[in-house]
Amino acid sequence: MEIQNEIDEQFEILRKNYPGRELQITRLQDLIGDIHQVVPPSIFIFGDSATGKTSIVRSIFSKYKENASFINCIDCYTPRLLFEHCLNKLSGYIPNPDNLYSNYAHCETISEFIHFLTEICDKNKNEDEELTGRYLIFDNAERLRETNPLLLSALLRVPEITNLNITIILISNIVWEKFRSQTGMLEPILLQFPSYSKSEILNIMIRDCPKDENKNFYYIFIELLYDVFNKPCRNLNELRHMAMLLYPKYIEPIQEGKATRNDTVKLFKHIEIYFKQALDKLYLRNISSSEWKNKSFEEYVEPTVNSDIRFELPYYTKFLLIASYLASYNPPRYDLRFFSKSSENKRRKSRKQEDVSGSKKSQQLYGPKVFPMERMLAIFYSIIDDPIEGTIDINRQIASLKTLKLLIKVGNTDVLNQMKCKCNVNYEFIQYLSKSVHFDISRYLYEAV
Amino acid sequence: MLQDTLPNINKKDINNVKRIILNNLTGKSYTNKLIGLEEQYNTLYDICKKTIETGESNSTLLIGNRGCGKTMIVNKLLDNLDKEYNKDKQTFLTVRLNGLIQSDDRLALKEMIYQLSQEEAMENLNSTSFSEVLSYLLNVLSIGTKTSKPVIIVLDEFDLFTQHNKQTLLYNLFDIAQSNQNPIVVIGLTCQLNVVELLEKRVKSRYSHRQVLCFPPIEIEDFEKIIINSLKIPENNSKINKDYIKKFNTEVDKIFSDESIKTIINRLFDITNNSRNFLKICIEPIYKLSVNQPYPKVNDFLDAYTRQYIDSKTELLKGTSILELCLIIAMKCLLEKHIEVFNFEMIYDEYKKFVQKIEATGNGREIFFKKQVAMKALEHLIAIELVLPTEASGKCPKEYRMMKVLLEPNQITQAVLKHNECPTSIKQWGTRWL
Amino acid sequence: MVANSTINITEAYDSLSQACFILWPTDKKKHKDYTKNDGFQSLMDKTETEDFINQRHDKYYKIWNNIKTKIDKLMFDLNLSATNGIFNFVSSKLNNTDNADSINKDIQLPFKEIPTGLIFSGINPDDKRMYKQIVSKIKTVPTNHVAVLESKDCINLKNTMKIIIEQLMETNLNEENENIIDATEFYKKSKIKKSNKAPNYDPYILLGWYKHLEGVSKINNNTTSPVVIEDETKEKENNNNDNNNNSTNQSKAKHKLILFIEDFECFDVLLLQDLISIFSGYSEELPIILLIGIATSLETFHQSLPISSLSLLQIEKFKLLQSYECINEIIQKVFIETIDDFKLGVKPYQYLLDNFNFLNLSVDSFIRGLKFSVMYHFYSNPLSILSSIDPTSSEMDRIFSSLTKRHLDEAKVLTFPSFKFYINSIKSTSPKLVYELLTDDKVLKDSIREGLINLHNYHIKFRVGFECLLELQKLYQSPLFKKSKRALYLLSLQESLYDSAHVQLLIKRSKVITYPIIKKFLETIKLNIEKDEFAKKLLENFVTILNDILLKFEKFDENGNEIKEEEKKERIKKRGKQIKTEEVETKVKKEEIDDDNSYNDTLYKREKVDSSKENKLKNVEEEKINDAIIINENGKRPQKTIYDNVLLSYSNSNGTSTTQRETNISKRLRAEELRGYETMVDEVNQFINKFFKDTLRCYKEFPYYEIIYYTESSKLKKSFSAQPRSVIHTALNYPNHYLNCDCCSDNDNIIESSLHDTCIAYKLYLECGKLINLYDWFVAFGNILKDKIDKSKKKEKEQNKRIKQKQKQEAEEIAKSKEKEIKKKDDIIVLDSDNEIENVILINENKEKGKFEEHHSSDEDNEEKEEEEEEFNEKEIQARFIRAISELQYFGFIKSTNRKVDHVVKLTWGSD
């Protein structure tokens, strides 16, 4: 019985710790709060990422001892792992050197799984025949669909087939419709974790407020932060992440004695630039949290754009890449115009008709086209000035471009001269390349970007 | 006021009530009587009876839609047969296989061995062919005498067994049944009406074409009856306080006389006559029962209904950020241009156009973001599967990865309208052309 | 009849297709000879004696080994800093016990970030070495457990995980038998009996293992106090790395698991995503650190991973040394700093360098090329025994005395270019010597010895000169005046470095460097010279000059200043203060230059042209010129204007235009002012000129350099930049090029039976389209061979003629029957693609055979004998055909297809 008490406490605590989730928590308690009650066959918990699904459920079942098994379907990437981890959890079995890293049992199929499940439940059934619930929780349940289509519906059947007091709880951030498969899918009880509202978000974020800090002051800060960032992203974790990293910058002036807590305007002015940077760099993880911390003000201001994209390539390799870019983005019928050495003036003309009518989408938008190797080489030899013969080195370079995923091979034909590729680099990089070899790419592009 | 009319409701009663009803709802118990399935039951019963008593083999299929009570019948059947013949677990044996679980014949056979608890007997088996193993298994059952024990074999999700390689299991079972080697009954449950076509020639020929069809309630009354029935507590239950039971059942009746509930029932019945759909709704209210609220409430049913039958996609969209919303609307625009499959660049292009348009009004700036940021937003949309890539990743720069949106244009407009924090300009953009 | 004949064929076919025959060289001794000295052979028409061969052979190994060791050491040192950086990163992370990121102790981030080191190695394919170095460095700490992942063995998550687990635990989990237990077993086995060993890809194993590990270490040493770690980490971040410090604190630190992903680009992205999310899930229990080797750029990293998984990483970036630097250092070490060692001539050097710049930034391939040239030098050059030892040493005497006459004759021929040059240069001055050289070996010997000594000294001087040149380069900011070592060395090989435009430019510019700097420069020169005593000896005259220049500097400095001070006071007051300082001079010069603009333009154009040409090949930075300071005494030294113009033109091209112009008067005045200084400058300049002229000469100026320098590049080209396509084509199409036999011509139109089977098959192959019907091929092949065979028995009885006709008919028969074959090939059993081809043949063949028999039996008079002949021929042809096509298959010309059973697909370019 003492487990039951712990559980009840836990629910209370959770209600306190998760503002904006009281409703969901209560409903969960109704459904699974009483461990000695008949449990519902299956529950499907869904909602956008960072709405507290996992963390709440996890912390609830942390109290259920061995009656619950919390499985993350990402690290159980084969059914066998899935089953064996479940069994381990339910039987409190942990692989370690002493038992030679063995699991509770060797279990590859669902039917075996059912046997062991019953085995376990019978084993530690408490003597006074009072039934206790068993809970199998699967986080990232969407992964279950990948392994084999029947697995999920089979799992949902487990309670019915075993006729044990078991419930299957699925957690996912995609909607149930996407789970329905053709055969015998039992409909679970849906339980949605809706996205937080602004006030809720702020209520949660205020909890990160440093102890020594005045709540209202911090509130001003996070509200500002929210207003800046909520447009691109309302993901709570992201916002908190930002707050964590930006707050120190925010109070810098205060620490330096340049400002007091009251002159908000000044602080806003000061933090503005950081916000800008944060959106560009931090949010996109161009600079990681640690790097962000050890940065001086100047570094935030100076735009560190291209440093990300550049790296050295051999001289001819650069041209190979440029050639394949051209081959990918130019329609073949224009090759003659662009690459025949004779027609200088034609090139000029061709650049006139870059702009495409608004109605039909510009070809650039459709991305790289597939091109045959021969064509690319032809372009290569025409754009490279000094004559070189096709030695093995060129082929080797093409190969290494492929391994670097700068070229992508399409289809798998062994026929050597039919190899088809796609160019996998963006315009920015090509520009940088062609600049480095004094090649005016724009003169050869059908549509200037 | 209820409390003092019935002072003596204690937690135990509540729990018992919950337990009973929930068992009904989740189909764990088969105590309560069948509705509209009586003769199906009887036919099956007769078949089994024959087998058990006279040892004549047989095979039949029980066909009917999901949730129309096939399993229920079988459960009840086996239950009763047990009560009648199997006091000592000697007269006959049962094997229950499920197509979802026993995903191939080897497993199925193994499972049979297990359920017939013949594993040790198998140790001195020296044959590999499926049929031999099977017949060996069945022969083991014959204890000395000629007459071997009758076996009732229930195959749930029968159609899945037909997908097994060469249908070996089915072939052998039917063969045994037909050639009457050992007394067995094969009962296949399925919801596929054409299941017989799925059988191979040789298998079909051995199958006695006996079929039992069961139908979901045609009349709304029956539908309702089933539901109410499973929500009521049998009067004869000794454990629970009599008056409470009485009161409870009347309460239940009261609820179902309520108009709003009736409408729900009607609506669901129109969608599908599968009673599970409603029972699903009942579960939550029942769980809500407690000492100070011993009777289900209409409202509980109502909002349980709304919860279970929302359009979760639009719900999901409500939570998205402005940028994400913009992207979705951009996709809608593309759809309206009859571009079904598109990539990020195209979406972003639309988005940019829009922003430039409203630049004039001045509020363009704060909703415009650079490509990478938008890309991240899009990735989120993909993660929650509102957008589905149509080509594998890494085949081209991810800006150019083709994808399609899994929302109807009107769903999108709905979402835009529902979305709070959404600026008017975007609202207009999203609801254009309606 | 039919039956057994077919049987015979199958047998024949079997034996022939399955056996393969190797013909060992019959003469055992000969065979041994080849392998001796790795095939170093006796040169000079085999007159060279064993002893010399051995000498060359041993020298080769000696030289190569010490070059190799040099390079390895170099590479190690070069990467040291990066390695340590990474090492410190690893050891600084997760040192505090509980929470995942030690730096963020102040604030808890919502994301469980895995500390990740991105290692940018550049795209050179030889980063393996560096990785090894890093890993071994990390492993020096006992509590670091490293798992190195390579894309090639990480096909799916399953075995990736397996590899990780095995490597971290340093055990290999024995592959539990996944193979399916046979049916009976399957039914018998009761589940409990099954071994419940965890699958060897189960992350839980790792978990259990780690818990255990920590438990153990807990017992051994009670946990560290967070404070200690604090300052440790501090130290680490300040990149201080003395190993004992590390090791001490490591012993206290907790165990770490490091995953080293070597080649990020090649990994399956989805796999990595899963891996990351899995380990971030475990990050409480397992302190994981990721190290990811990236060849390309951060951009690519962002491209391939979705941000959802990027946000789980806490990235720090490390740059390994790029191959450019490496190559520079290698050249410095191997070519410049060595005196009596192997050297590359201009051609091979250029070849290697171009390969490096243009084709693969791979240091390894450069080294490979180098090795080859060393090898070949000693392999091919009998005089190489003279190279790479101190010519003054007694060792040398020995060798010299041992030299045979033949050697000396060889010397004349071998060193012909330089020898001739030498002769010509002296024949006017001392014809006698010339005569003796050509006739008297003694004299020749001495002169060779002398030549070697000169080279020796030249190298010493060159080293000094080169270093000074680098020093000189350092004095300028503008990239225009900087050339990489490798480029400079190339110049020095092409011509006398001193004459090169670049160096001239540098020297010119040296005039306008302010005293203190130039003074320092001169001092460094002095230092460089005095560094080693040989150089000192050789260059002492320069040292003396230097010394008194420096002295002068002292004096001049003072009074020079005085003068200027006064003049300035009197004459121009406004700009007085800065007069001595560079800027002023700068302006002056610029203005003067401006005057000349008009007539310089022409020159400028020419300059521009070739400068740009060379720039293109050199690295590109040199293009962008920023000349704040273009100076020289333009007006006063008209004869030297060229270089000024270059500068000028550059300055113009950048559009640096000066605002204010000056009156002639003021110009003249300043001229006066400067004269004092100028004389000084001239002196310095002359010195520098002389110095470099003497030191930076070209090796070609020295006679007999061929002995030391390897000048041949064709061999390198041949063996390193092969052109497989054309080579194979010629080999198969015109075998006589290689076999140089006279039996067959280069004629493309007819296929001669004298050709090798494979060639015949290939020639036929060229005529076919995409899909080749094997049977047609076989028939055509057969026909060609047949008339050969027939030729052989030309002079047999007329009976044979009949046979020939028959064969002809058969050929037609075959041809006709073929179509039917195609139609009804239902009886052809498709076997696995390897022997499919043969099978098809076989089957067709058998039918064919059947036909023959009927045909024959219908024929009356000629009997057994012929048939045997027949069969024999048929069998033989078939065997040879099969061998031929299987060879082609092996070359990758053809491949069996499922679309048409008795066809093969053509895999290569059409007929070319």
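Keep in mind it's a predicted model, so treat the numbers as computed, not measured.

Participant: Even after reading the chapter, I still don't get the overall build of chain A, so can you show me in this structure?
Facilitator: Scanning chain A for helices and strands turns up 19 helices and 8 strands. Put simply, 70% of the contacts in chain A that link residues at least 6 apart link residues at least 24 apart. A total of about 17,600 Å² of accessible surface is found on chain A, and carbon and sulfur atoms cover 55% of it.

Participant: Any chance you could explain the overall build of chain B here in plain terms?
Facilitator: Within chain B, the regular secondary structure consists of 22 helices and 7 strands. Computed over the C-alpha atoms, the radius of gyration of chain B is 30 Å, more than 25% above the 22 Å expected from 2.2 N^0.38 for a compact globule of 434 residues. For chain B, the spread of C-alpha atoms along the three principal axes comes to 95 × 70 × 40 Å. Relative to its 434 residues, chain B shows a buried fraction of 57%. Carbon and sulfur atoms form 54% of the exposed surface of chain B, whose accessible area is close to 18,500 Å². Taking the 57 positively charged and 54 negatively charged side chains of chain B as two groups, their mean positions are separated by 2 Å.

Participant: Explain the pairing of strand E1 (residues 114-120) of chain C here, please?
Facilitator: Within a regular strand, the side chains alternate between the two sheet faces. Residue and element names in this part refer to chain C. With 7 of 7 residues buried, E1 is to be regarded as a mostly interior element. Judged by which residues are buried, E1 turns out to be covered on both faces: Ile114, Thr116, Leu118 and Phe120 on one side and Pro115, Gly117 and Ile119 on the other are all buried. The pairing of E1 with strand E5 (residues 313-319) spans 7 bridges and is parallel. Its bridge partner being in E5, Ile114 is matched across the sheet by Leu313. Here E1 runs beside strand E4 (residues 288-294); their pairing, made up of 5 bridges, is parallel. The residue of E4 that forms the bridge with Leu118 is Ile292.

Participant: Can you help me understand the pattern of salt bridges in this one?
Facilitator: Where charged atoms from two side chains of opposite charge come close, those side chains can pair. Scanning all chains against the criterion turns up 58 salt bridges over all chains. The salt bridge partner of B:Glu251 is B:Lys247, with a shortest N-O separation of 3.2 Å. Residue B:Glu251 and its partner B:Lys247 are located together in helix H13 (residues 242-257), separated by 4 residues, close to a single helical turn. Since its relative accessible area comes to 11%, B:Glu251 is described here as buried. In the salt-bridge network here, residues are joined through shared partners; they are A:Arg157, A:Glu160, B:Arg66 and B:Glu157.

Participant: Any chance you could explain the sheet that holds strand E8 (residues 420-423) of chain A here in plain terms?
Facilitator: Pairing between the strands of a sheet is mediated by backbone hydrogen bonds and can be parallel or antiparallel. Residue and element names in this part refer to chain A. Read from one edge to the other, the open sheet built from 3 strands follows the order E6-E8-E7, with strand pairing classed as antiparallel. Strands with a single pairing partner mark the edges of an open sheet, and in this sheet they are strand E6 (371-372) and strand E7 (407-410). The strands touched by helix H14 (residues 315-329) within the sheet are E6, E7 and E8, with E8 carrying the most contacts at an inclination of about 95°.

Participant: Would you take a moment to explain the UniProt feature "domain: ORC5 lid" (unreviewed entry) in chain A for this structure?
Facilitator: UniProt annotation of "domain: ORC5 lid" (unreviewed entry) refers to residues 221-275 of chain A when read in the numbering used here. Between the first and last C-alpha atoms of residues 221-275 of chain A the distance is 12 Å; the span itself is 75% helix and 0% strand.

Participant: Could you clarify how one ought to interpret the packing of helix H10 (residues 236-255) of chain A against helix H11 (residues 264-282) of chain A in this entry?
Facilitator: Helix packing geometry: the angle between the two helix axes and the distance between the axes. Residues and elements named next belong to chain A. Contact geometry of H10 with H11 gives a least axis separation of 9 Å together with a crossing angle of 145°. The element H10 and its partner H11 pack so that their crossing is right-handed. Between H10 and H11, the contacting residues are Met242, Leu245, Leu246, Lys249, Tyr250, Glu252, Pro253 and Ile254 on the first element and Thr264, Leu267, Phe268, His270, Ile271, Tyr274, Phe275, Ala278 and Leu282 on the second. In terms of residue class, the contact of H10 with H11 is made up of 13 nonpolar, 2 polar and 2 charged.

Participant: Got a minute to help me understand the packing of helix H8 (residues 198-205) of chain A against H10(A) in this structure?
Facilitator: All names here are of chain A. It is the contact of H8 with H10, at a shortest axis distance of 11 Å, that shows an interaxial angle of 45°. Relative to H10, the element H8 lies oblique. Between H8 and H10 lies a crossing whose hand is right-handed. Together, Ile201, Ile204 and Met205 of H8 and Leu236, Leu239, Arg240 and Ala243 of H10 make up the contact between the two elements. Its residues placed into classes, the contact of H8 with H10 shows 6 nonpolar, no polar and 1 charged.

Participant: What should I look at first to understand the environment of C:Ser373 in this one?
Facilitator: Residues and elements named next belong to chain C. Looking at the element boundaries, Ser373 is found in helix H16 (residues 363-380). When residues no more than four places from it in sequence are discounted, the contact partners of Ser373 are Phe342, Leu344, Tyr710 and Leu716. Polar side-chain contacts of Ser373 include one of 2.7 Å to the backbone oxygen of Gly369.

Participant: Honestly, helix H31 (residues 724-733) of chain C in this entry has me stumped. Any pointers?
Facilitator: Working note: α-helix, 3.6 residues per turn, so residues spaced by three or four point in the same direction. Restricting attention to buried positions, one finds in H31(C) the residues C:His729, C:Leu732 and C:Asn733. Down the axis of H31(C), the buried set is contained in an arc of 90°. They therefore lie on one face.

Participant: Would you explain the sheet that holds strand E5 (residues 189-192) of chain A in this entry?
Facilitator: All names here are of chain A. The 5 strands are arranged E2-E3-E4-E1-E5 in an open sheet whose pairing can be described as parallel. Looking along the sheet, the strands with just one partner apiece sit at the ends: strand E2 (68-72) and E5. With direction set aside, neighbouring strand axes in the sheet form an average angle of 15°. Sheet analysis places strand E1 (residues 42-46) next to strand E4 (residues 166-172), joined by 5 bridges and oriented parallel. By the bridge assignment, Ser42 is partnered in E4 with Ile168.

Participant: Would you mind showing me how to read unusual backbone geometry here?
Facilitator: For residues other than glycine, phi is negative in most cases, and the peptide bonds are mostly trans. The phi dihedral of A:Asn140 falls on the positive side, at around 50°, and the residue is not glycine. Relative to the assigned elements, A:Asn140 resides in the loop between strand E3 (134-139) and helix H6 (144-147). Unusually for a residue other than glycine, B:Glu157 sits at a positive phi of about 50°. Along the chain, B:Glu157 falls in the loop between strand E3 (151-156) and helix H8 (158-162).

Participant: Help me out: how do you make sense of the interface of chain A and chain C in this one?
Facilitator: Quoted interface sizes are often the accessible area lost when the parts come together. Of the residues lining the interface, 76 residues belong to chain A; the matching set on chain C comes to 75 residues. In total, chain A and chain C occlude about 6,600 Å² of area from one another, counting both sides; carbon and sulfur atoms represent 60% of this. By the criterion of area lost to chain C, the three top residues of chain A are A:Tyr77, A:Tyr101 and A:Arg285, representing 10% of everything that side buries. One salt bridge in this structure joins A:Arg143 and C:Asp274, with 2.9 Å as the shortest N-O distance.

Participant: Would you mind showing me how to read the domain arrangement of chain B here?
Facilitator: What the domain assignment lists for chain B is domain 1 (2-19 + 218-309), domain 2 (37-213) and domain 3 (314-430). Taken over C-alpha atoms, the centre of domain 1 of chain B sits 37 Å from the centre of domain 2 of chain B.

Participant: Just to check I follow, could you spell out the packing of aromatic side chains for this structure?
Facilitator: For any pair of aromatic rings, the description rests on two quantities: the centre-to-centre distance and the angle between the ring planes. Enumeration over the complete set of coordinates arrives at 81 aromatic pairs over all chains. On the numbers, 6.2 Å between centres and 40° between planes, the contact of A:Tyr325 with A:Tyr427 is tilted. Taken together, the residues A:Tyr325 in helix H14 and A:Tyr427 in helix H19 (residues 427-436) connect sequence positions 102 residues apart. An identical accessibility class is assigned to A:Tyr325 and A:Tyr427; each is buried. Ring geometry for C:Tyr324 against C:Phe356: centres 5.8 Å apart, planes inclined by 85°, an arrangement best described as edge-to-face.

Participant: Which parts of the structure should I look at to understand a nonpolar patch on the surface?
Facilitator: All names here are of chain B. A surface patch of nonpolar side chains, about 440 Å² in accessible area, is lined by Leu193, Leu213, Phe215 and Ile218. Note on placement: Phe215 falls in the loop between strand E5 (210-213) and helix H12 (220-231). Judged by relative accessible area, which is 52%, Phe215 ranks as exposed.

Participant: Is there a simple way to think about the domain arrangement of chain A in this case?
Facilitator: Structurally, chain A comprises domain 1 (2-192), domain 2 (198-303) and domain 3 (315-352 + 361-443). Computed over C-alpha atoms only, the centres of domain 1 of chain A and domain 3 of chain A are separated by 54 Å.

Participant: Any chance you could explain the nonpolar core here in plain terms?
Facilitator: With 181 residues, the main nonpolar core has A:Phe138 and C:Phe301 as its most contacted residues. In terms of residue count, helix H18 (residues 322-336) of chain B provides more of this core than any other element does, 12 residues in total. Contact partners of C:Phe301, with chain neighbours within four places excluded, come to C:Leu118, C:Phe264, C:Ile292, C:Ile294, C:Leu310, C:Leu313 and C:Ile315. C:Leu386, C:Cys468, C:Leu469 and C:Leu480 belong to the second-largest nonpolar core, a separate cluster that totals 112 residues.

Participant: Help me understand the state of the cysteines in this model?
Facilitator: Going through the model one piece at a time under the given rule, you end up with 0 disulfides over all chains. As a non-bridged cysteine, A:Cys76 has A:Cys73 as the owner of its nearest cysteine sulfur, 6.7 Å distant. The class of A:Cys76 is buried, set by a relative accessible area of 7%. The thiol of B:Cys396 is unpaired, and the distance to the nearest cysteine sulfur, on A:Cys423, comes to 11 Å. Since its relative accessible area comes to 8%, B:Cys396 is described here as buried.

Participant: For this particular structure, what's the right way to read the environment of B:Ser179?
Facilitator: By secondary structure assignment, the location of B:Ser179 is in helix H9 (residues 168-179). Taking the C-alpha atoms as reference, B:Ser179 lies 9.9 Å from B:Asn58; in sequence the two are 121 residues apart.

Rules and cut-offs
- Residues numbered from 1 in each chain as written.
- Chains lettered and ligands numbered in written order.
- Predicted model: local features only at pLDDT ≥ 70, side-chain atom pairs only at ≥ 80, totals over all residues.
- Heavy atoms only, no water.
- Helix = DSSP H or I, 4+ residues; strand = E, 2+ residues; numbered from the N terminus.
- Contact = heavy atoms within 4.5 Å.
- Areas by Shrake-Rupley, 256 points an atom, 1.4 Å probe, with all protein chains shown as cover.
- Rg over C-alpha atoms; globule rule 2.2 N^0.38 Å.
- Buried < 20%, exposed > 50% of the residue type's maximum accessible area, 1.4 Å probe, protein only.
- Lys, Arg positive; Asp, Glu negative; His and termini not counted.
- Charge placed at Lys NZ, Arg CZ, Asp CG, Glu CD.
- Pairing = 2+ DSSP bridges.
- Salt bridge = Lys/Arg side-chain N within 4 Å of Asp/Glu carboxyl O.
- Axes fitted to C-alpha atoms, helices over the stretch in contact; angles between N-to-C directions.
- UniProt positions renumbered as here; feature names shortened; annotations may be inferred.
- Left-handed = near helix turned anticlockwise from the far one by under 90°.
- Nonpolar A, V, L, I, M, F, W, Y, C, P; charged D, E, K, R; others polar.
- Parallel < 35°, antiparallel > 145°, perpendicular 65-115°, else oblique.
- Polar contact = N/O pair within 3.5 Å; in protein donor to acceptor, adjacent residues only side chain to side chain.
- Arc of directions from axis to C-beta.
- Buried area = accessible area lost by both parts, 1.4 Å probe.
- Domains from an automatic or database assignment.
- Phe/Tyr/Trp six-rings, centres within 6.5 Å; stacked < 30°, edge-to-face > 60°.
- Patch = residues over 30% accessible without salt bridge, like charges linked within 9 Å, V, L, I, M, F, W, Y side chains within 5 Å.
- Core = buried A, V, L, I, M, F, W, Y, C linked by side-chain atoms within 4.5 Å.
- Disulfide = S-S within 2.5 Å.

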